[in-house]
Amino acid sequence: MNYWLVKSEPIKYPWEKLVQDKKTVWDGVRNYQARNTLQAMKKGDLVLYYHSNEGLAIVGIAKVLKEQFPDPTIDDPRWVAVELGPFKALKKPITLEMCRNNDILSSMGLIRQGRLSVMPVTPEQFDKVLELSGTK
DNA sequence: GCCAACGTTGGC
DNA sequence: GCCAACGTTGGC
């Protein structure tokens, strides 16, 4: 099992909407690094769900429902999408600031590469997020 | 709303 | 293949 993190602006698609919808197509990614990460996602992998711009916190855990397929929003085979569903909400959000101040979490792409919207997370980092949020 | 970071584009 | 210009993202 692998772990990942995706960013979403709450104005566009908040965690609560994912919970309501039960599933969503994660499309529109137009960055090769993020695309490569999408392609590596396997069904059943868990994905930390981060709210950017507003909230600035990891608020939930999503699950990969469907592995990569061509992005339906563009007629270009270079870009792919996956399907995500809600897995579990965090009891307490883990803010960007908490990540920055934590030895294990500060090495995440979230901190080091601010503009990346899809990135891998190590099992250690994933565990730490659950532990700090009281979700474990 | 500003600005830093950084990826992409296009001229040479 | 380099690099300047430009666009986008996202924190503040």
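Everything below is about the structure printed above this text.
Summarised in this report is the structure supplied together with it. (Residues numbered from 1 in each chain as written. Chains lettered and ligands numbered in written order. Predicted model: local features only at pLDDT ≥ 70, side-chain atom pairs only at ≥ 80, totals over all residues. Heavy atoms only, no water.)

## Notes on the packing of aromatic side chains
Then step 1. The full count for this structure, using the stated rule, is four aromatic pairs.
Then step 2. Centroid distance Tyr-3 to Phe-126: 4.1 Å. Interplanar angle 25°. Geometry classified as stacked. Here the residue Tyr-3 occupies a position in strand E1 (residues 3–8), and Phe-126 occupies one in helix H5 (residues 123–133), the gap between them amounting to 123 residues.
Then step 3. The buried category is assigned to Tyr-3, whose relative accessible area is 17%.
Then step 4. Phe-126 sits in the buried class, given a relative accessible area of 3%.
Then step 5. Seen from their ring centres, Trp-26 and Tyr-49 are 5.7 Å apart, and the 75° between their planes marks the pair as edge-to-face. (Phe/Tyr/Trp six-rings, centres within 6.5 Å; stacked < 30°, edge-to-face > 60°. Helix = DSSP H or I, 4+ residues; strand = E, 2+ residues; numbered from the N terminus. Buried < 20%, exposed > 50% of the residue type's maximum accessible area, 1.4 Å probe, protein only.)

## Digging into the nonpolar core
Then step 1. One finds Leu-5, Trp-26, Tyr-49 and Ile-58 to be the most contacted residues of the largest nonpolar core, which totals 40 residues.
Then step 2. Looking at this core element by element, the count peaks at six residues for strand E4 (residues 57–70).
Then step 3. Contact partners of Ile-58, with chain neighbours within four places excluded, come to Leu-5, Leu-48, Tyr-49, Tyr-50, Leu-90, Pro-93, Ile-94, Cys-99, Met-108 and Val-129. (Core = buried A, V, L, I, M, F, W, Y, C linked by side-chain atoms within 4.5 Å. Contact = heavy atoms within 4.5 Å.)

## Overview of the protein's contact with DNA strand B
Then step 1. Taken together, Asn-31, Tyr-32, Gln-113 and Arg-115 make up the full set of residues adjacent to DNA strand B.
Then step 2. At a separation of 2.6 Å, a base oxygen of DNA strand B approaches a polar side-chain atom of Arg-115.
Then step 3. A breakdown of the residues in the surface near DNA strand B according to their chemical character gives one nonpolar, two polar and one charged. (Near = heavy atom within 4 Å. Polar contact = N/O pair within 3.5 Å; in protein donor to acceptor, adjacent residues only side chain to side chain. Nonpolar A, V, L, I, M, F, W, Y, C, P; charged D, E, K, R; others polar.)

## Observations concerning the pairing of E1
Then step 1. Counting buried positions over the six residues of E1 gives six, a clear majority of the element.
Then step 2. Burial along E1 is two-sided: Tyr-3, Leu-5 and Lys-7 and Trp-4, Val-6 and Ser-8, pointing in opposite directions, are all buried.
Then step 3. With six bridges joining them, E1 and strand E3 (residues 46–51) adopt parallel strand pairing. Residue pairing across strands places Val-6 opposite Tyr-49, the latter belonging to E3. (Pairing = 2+ DSSP bridges.)

## Examining the protein's contact with DNA strand C
Then step 1. Every residue near DNA strand C is listed here: Lys-7, Tyr-50, Ser-52, Asn-53, Leu-56, Leu-96, Arg-100, Gly-114, Arg-115 and Ser-117.
Then step 2. When the atoms of DNA strand C within 4 Å of the protein are grouped by moiety, sugar and phosphate amount to 71% of the total.
Then step 3. The separation between a phosphate oxygen of DNA strand C and a polar main-chain atom of Asn-53 is 3.0 Å.
Then step 4. At 3.0 Å from a phosphate oxygen of DNA strand C is found a side-chain nitrogen or oxygen belonging to Arg-100.

Distances and angles like these do not, on their own, reveal function.
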